[in-house]
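Notes for the structure review
Each chain, letter by letter, is given below.
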Amino acid sequence: MSNEVFEQLKEKAEGADAIGGTLKFEVGDLIVFVDGSGNTNIVSQEDNEADCTISTTAEVLIDLKNGDLNPMMAVMGGKIKISGDMGLAMKVQSLLG
């Protein structure tokens, strides 16, 4: 499951425009680090400090991807925790496509 989540995020992020900073997803035990500070988004599983960190579960991520859960409602309901640069958090939708 976690490999699948990583591969999907990696594929989407590397195909999207650079986000202009660093972003870390914590999905259960999985870390997905997106370095979009250069010309492209570079995705790894390194647990680095990031400009913005988003924590959630795989189930919530799947519900978001399927359209079963509204991102704003997920944040308001505490299903997604965001710390750091909110401007970067707003760009996540382009990474999840």
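Relevant structure appears above.
Cut-offs applied
- Residues numbered from 1 in each chain as written.
- Predicted model: local features only at pLDDT ≥ 70, side-chain atom pairs only at ≥ 80, totals over all residues.
- Heavy atoms only, no water.
- Core = buried A, V, L, I, M, F, W, Y, C linked by side-chain atoms within 4.5 Å.
- Buried < 20%, exposed > 50% of the residue type's maximum accessible area, 1.4 Å probe, protein only.
- Helix = DSSP H or I, 4+ residues; strand = E, 2+ residues; numbered from the N terminus.
- Contact = heavy atoms within 4.5 Å.
- Polar contact = N/O pair within 3.5 Å; in protein donor to acceptor, adjacent residues only side chain to side chain.
- Salt bridge = Lys/Arg side-chain N within 4 Å of Asp/Glu carboxyl O.

Section: the nonpolar core
Counting 26 residues, the largest nonpolar core has L23, F25, V32, V34, I54 and L95 as its most contacted members. Going through the elements one at a time, α1 (2-15), β1 (22-27), β2 (30-35), β4 (52-56), α2 (58-66), α4 (86-90) and α5 (92-96) are the ones with two or more residues in this core. Apart from the residues within four sequence positions on either side, V32 is in contact with F6, L9, L23, K24, F25, V43 and S44.

So, the side chain of S44
Checked against the element boundaries, S44 lands in strand β3 (residues 42-44). A polar atom in the side chain of S44 sits 3.3 Å from the backbone nitrogen of E46.

Quick notes on the environment of G38
Relative to the helices and strands, G38 is located in the loop between β2 and β3. What makes G38 partly exposed here is its relative accessible area of 45%. Taking the C-alpha atoms as reference points, G38 and G21, 17 residues apart in sequence, are found 8.0 Å from one another.

So, the pattern of salt bridges
Here the structure, examined in full by the defined rule, presents 3 salt bridges. Close ionic contact of K24 with D47 constitutes a salt bridge, the shortest N to O distance being 2.7 Å. Here K24, found in strand β1, pairs with D47, found in the loop between β3 and β4; they are 23 residues apart in sequence, far enough to count as distant. Owing to a relative accessible area of 55%, D47 belongs among the exposed residues under this scheme. Within the structure, one salt-bridge network assembled from shared partners comprises K24, E26 and D47.

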